[in-house]
Amino acid sequence: MITPEQLVESVVGRNLCMAYVQEFGKEDETSAADEFRRFLFDVSFVEGASDQGRASFGWDESGKPLSGNELVMAVESSLVDQGVNLANLPGAVARKLDEFDLDAMPTGAAGRDLLRAALTRAVDELHLWGQPLDAEERIAASAPVRAALVRVAAHILASEGAAGWNRPHDSARQMVVYFPGRNETPAPKRKWWQKKTEQPAIELHAHQREAEAIAQILADDAAENAKAEARDSEYRRKHPGREYSGVWWSFPTFTLASSTPPTELGTPKILHFQEDSFGDERASSWHVNPHNLNIYEVAHHTDWADICAKYPRTMTSQNWYTWSENTGRTGEWVIPAWELMARDFDGIHLTTSAYLEMTGAAVPVPDLGTAGQWASTLAGWSPDITYYFAPISVDEDSRQEWHRDEDGQWQPGAGR
């Protein structure tokens, strides 16, 4: 299981800890959590006031509209009145966290709801495609705040909601999900010579593909990556130091079938936990039929490093800028070559614990070349997700429609 110290070393782990405190009692404007939330908003505003392209406006206590430097100075003045040293904003946030009463956090179902909401927020707000850390994330990454968050992380990891974070793949509890208009390929258009009564072939869902089609997808993905790596290597040679962003993710290709187990609410986890989500409003799910597949478990950073070393795919030229921006590391980058891994395994499962440990962090790959030369990272994954390199089947009668309600919560049914 991930340790509190490891949890606060990743950007998503710190986001989780900060969200956990802020989500508690967020409807109660008199709560300690709401006080911390407003304080953190003001501190982050001042910290981020110089961020390029930041537009700011607001009002003073009398209702007078303020903007730009005028508003920044008003917020700074308010913080000074609260005893904040503007030269040490992270220290002020750390003290607030140290004072926060974690014993007041709910347990049981309410505690699980709180942690699920915090994890949803932490995952959804990630942006691992080369965008620098925002003001709140920079504050959370500072040494004093990281130290204060260790206590929050320990509380989270000891809670009921975190009990299953290191659970391995369970074939009897998997659900596949499709989002209309996103990862369902529409039917091809009818050709001009086809009669109106002739229906064009329907593209299969990912989970309906046979072994030969899956192998072709993996082979095509490998060829495309090799071409992109060669192209971007030439670009780097001609334009040394120029920033650009291309492929930023490290998960298997989009067109493979994937699944997650349900939450305690019965909703598929992928509905709640999507990195930098698309804001989907509707989805369809099916239960995966239990299977006897050889699924590789990633429960720790060493599990990921091992497959990167055994089945290496170089990604340095494609990711040198984006992943350096995310992790602060420069050097050679590698991910698993999925077409090679598929010869030995039928899929790969990432535990929630491993997701929180490695996402957005540099993972050393010591068994590949010179020590310290190679590393990898997680980007674009989801907690507790399984990707399949082999055919799977679903219970067609288990189809369930989902929609978001007015509060943004996923509910069964097609909705309006």
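Heads up: the structure comes first, above all this text.
Keep in mind the model is a prediction, meaning the values are calculated, not measured.

A.B. asks: What's the story with the environment of Pro-290 in this structure? I'm lost.
C.D. replies: Along the polypeptide, Pro-290 turns up in the loop between strand E5 (282–287) and strand E6 (295–298). Assessed through its relative accessible area of 60%, Pro-290 is described here as exposed. Separated by 103 residues in sequence, Pro-290 and Ser-393 have C-alpha atoms that sit 8.5 Å apart. Once residues within four sequence positions are removed from consideration, Pro-290 is found in contact with Ser-171 and Ala-172.

A.B. asks: I would appreciate a short explanation of the sheet that holds strand E11 (residues 374–376) in the present structure.
C.D. replies: Sheets are built from strands paired through backbone hydrogen bonds, the pairs being either parallel or antiparallel. Pairing within the open sheet is mixed, and its four strands lie in the order E7-E8-E11-E10. For this open sheet the edge positions go to strand E7 (312–314) and strand E10 (363–364), each flanked by a neighbour on one side alone. Bridge analysis of strand E8 (residues 332–336) against E11 gives two bridges, and the strand direction is parallel. Each residue of the ladder has a partner; that of Glu-332, found in E11, is Trp-374. Here helix H12 (residues 316–327) sits on the sheet and contacts E7, E8 and E11; the angle it forms with E8, its principal contact strand, is near 100 degrees.

A.B. asks: Even after reading the chapter, I still don't get unusual backbone geometry, so can you show me in this structure?
C.D. replies: Negative phi is the rule for most residues except glycine; trans is the rule for most peptide bonds. Non-glycine residue Asp-276 carries a positive phi angle of around 45 degrees. In this structure, Asp-384 is a non-glycine residue whose phi angle is positive, near 65 degrees. Examined against the element boundaries, Asp-384 turns out to sit in the loop between E11 and strand E12 (385–388). Residue classification places Asp-384 among the buried residues on the basis of a relative accessible area of 6%.

A.B. asks: Honestly, H12 in this entry has me stumped. Any pointers?
C.D. replies: One turn of the α-helix equals 3.6 residues, which is why residues spaced by three or four share an orientation. With twelve residues, H12 should reach 16 Å at 1.5 Å per residue; the first-to-last C-alpha distance of 14 Å falls well below that figure. Residues of H12 that are buried in the fold lie against helix H9 (211–238), E7, E8 and E11. One or two steps after H12, the chain reaches Gly-328, where phi turns positive at roughly 80 degrees.

A.B. asks: Mind showing me how you'd approach the pairing of strand E3 (residues 175–178) here?
C.D. replies: Two faces belong to every sheet, and in a regular strand the side chains alternate between them. The alternating pattern of E3 places Met-175 and Val-177 and Val-176 and Tyr-178 on opposite faces, both of which are buried. One ladder, built from four bridges, connects E3 with E5; its direction is antiparallel. Opposite Tyr-178, over in E5, you have Ser-284 as the bridge partner.

A.B. asks: Please explain the nonpolar core as it appears in this structure.
C.D. replies: For soluble globular proteins, nonpolar side chains are generally found buried alongside one another. In terms of nonpolar packing, the biggest core is built from 97 residues, with Leu-16, Val-93, Trp-304, Ile-348 and Trp-381 touching the most fellow members. Of all the elements, helix H2 (residues 11–23) adds the most residues to this core, at eight residues. Grouped together as the second largest cluster of nonpolar side chains are ten residues, Ala-206, Trp-286, Ile-392 and Val-394 included.

A.B. asks: Is there a simple way to explain the side chain of Ser-142 in this structure?
C.D. replies: Looking at the element boundaries, Ser-142 is found in the loop between helix H7 (135–141) and helix H8 (143–157). Ser-142 sits in the buried class, given a relative accessible area of 14%.

A.B. asks: Explanation requested: the sheet that holds strand E14 (residues 410–412) in the structure shown.
C.D. replies: Pairing is antiparallel across the open sheet formed by four strands, whose spatial order is E3-E5-E13-E14. Two strands bound the open sheet, and with one partner strand each, they are E3 and E14. Adjacent strand axes in the sheet meet at a mean angle of 30 degrees when their direction is disregarded.

A.B. asks: Which parts of the structure should I look at to understand the environment of Pro-391?
C.D. replies: Position of Pro-391 among the secondary structure elements: in the loop between E12 and strand E13 (400–404). The sequence separation of Pro-391 and Ala-213 amounts to 178 residues, and the corresponding C-alpha distance is 9.4 Å. When residues no more than four places from it in sequence are discounted, the contact partners of Pro-391 are Arg-209, Glu-210, Ala-211, Ile-214 and Leu-293.

A.B. asks: Got a minute to help me understand the packing of aromatic side chains in this structure?
C.D. replies: Think of a pair of aromatic rings as described by two things: how far the centres are apart, and how the planes are tilted against each other in angle. Summed over the entire model, instances satisfying the criterion amount to 15 aromatic pairs. Aromatic side chains Trp-249 and Phe-254 sit 5.1 Å apart centroid to centroid with 70 degrees between the ring planes, which places their arrangement in the edge-to-face category. Plain terms: the ring middles of Phe-251 and Phe-254 are 5.0 Å apart, the flat faces sit at 90 degrees to each other, and that makes the pair edge-to-face. An aromatic cluster of three or more residues is present, and its members are Trp-248, Trp-249, Phe-251, Phe-254, Trp-304, Trp-338, Trp-381, Tyr-387 and Phe-389. Geometry around Phe-39 places Lys-96 over its ring, the cationic atom sitting 5.0 Å from the centre. The side chain of Arg-329 reaches across the aromatic face of Trp-333, ending 4.7 Å from its centre.

A.B. asks: How should the packing of helix H3 (residues 32–47) against helix H5 (residues 89–99) be read in this particular structure?
C.D. replies: Between two packed helices, the angle of one axis relative to the other and the distance separating the axes together describe the packing. As a packed pair, H3 and H5 sit with axes 10 Å apart at the nearest point and diverge in direction by 170 degrees. Classed by the angle they form, the pair H3 and H5 counts as roughly antiparallel. Facing H3, whose interface residues are Glu-35, Phe-36, Phe-39, Leu-40, Val-43, Val-46 and Glu-47, H5 presents Leu-89, Ala-92, Val-93, Lys-96 and Leu-97. Tallied by class, the residues present in the contact of H3 with H5 amount to nine nonpolar, no polar and three charged.

A.B. asks: What is the right way to read H3 from this model?
C.D. replies: Here H3 spans 22 Å end to end across 16 residues, near enough to the 22 Å set by a 1.5 Å rise per residue. Looking only at H3, the buried set comprises Ala-33, Asp-34, Phe-36, Arg-37, Phe-39, Leu-40, Val-43, Ser-44, Phe-45 and Val-46.

A.B. asks: Looking at this structure, I do not really get the packing of H2 against H8. What am I missing?
C.D. replies: Following both chains from N to C, one finds H2 and H8 inclined at 75 degrees, their axes separated by 9 Å at the closest point. With respect to their mutual orientation, H2 and H8 come out roughly perpendicular. Listed contacts from H8 to Arg-14, Leu-16, Cys-17, Met-18, Tyr-20 and Val-21 of H2 are Arg-146, Leu-149, Val-152, Ala-153, His-155 and Ile-156. In the contact of H2 with H8, the residues fall into nine nonpolar, one polar and two charged.

Thresholds applied
Residues numbered from 1 in each chain as written. Predicted model: local features only at pLDDT ≥ 70, side-chain atom pairs only at ≥ 80, totals over all residues. Heavy atoms only, no water. Helix = DSSP H or I, 4+ residues; strand = E, 2+ residues; numbered from the N terminus. Buried < 20%, exposed > 50% of the residue type's maximum accessible area, 1.4 Å probe, protein only. Contact = heavy atoms within 4.5 Å. Pairing = 2+ DSSP bridges. Axes fitted to C-alpha atoms, helices over the stretch in contact; angles between N-to-C directions. Expected span 1.5 Å × (residues − 1). Core = buried A, V, L, I, M, F, W, Y, C linked by side-chain atoms within 4.5 Å. Phe/Tyr/Trp six-rings, centres within 6.5 Å; stacked < 30°, edge-to-face > 60°. Lys NZ or Arg CZ within 6 Å of the ring centre and 35° of its normal. Parallel < 35°, antiparallel > 145°, perpendicular 65-115°, else oblique. Nonpolar A, V, L, I, M, F, W, Y, C, P; charged D, E, K, R; others polar.

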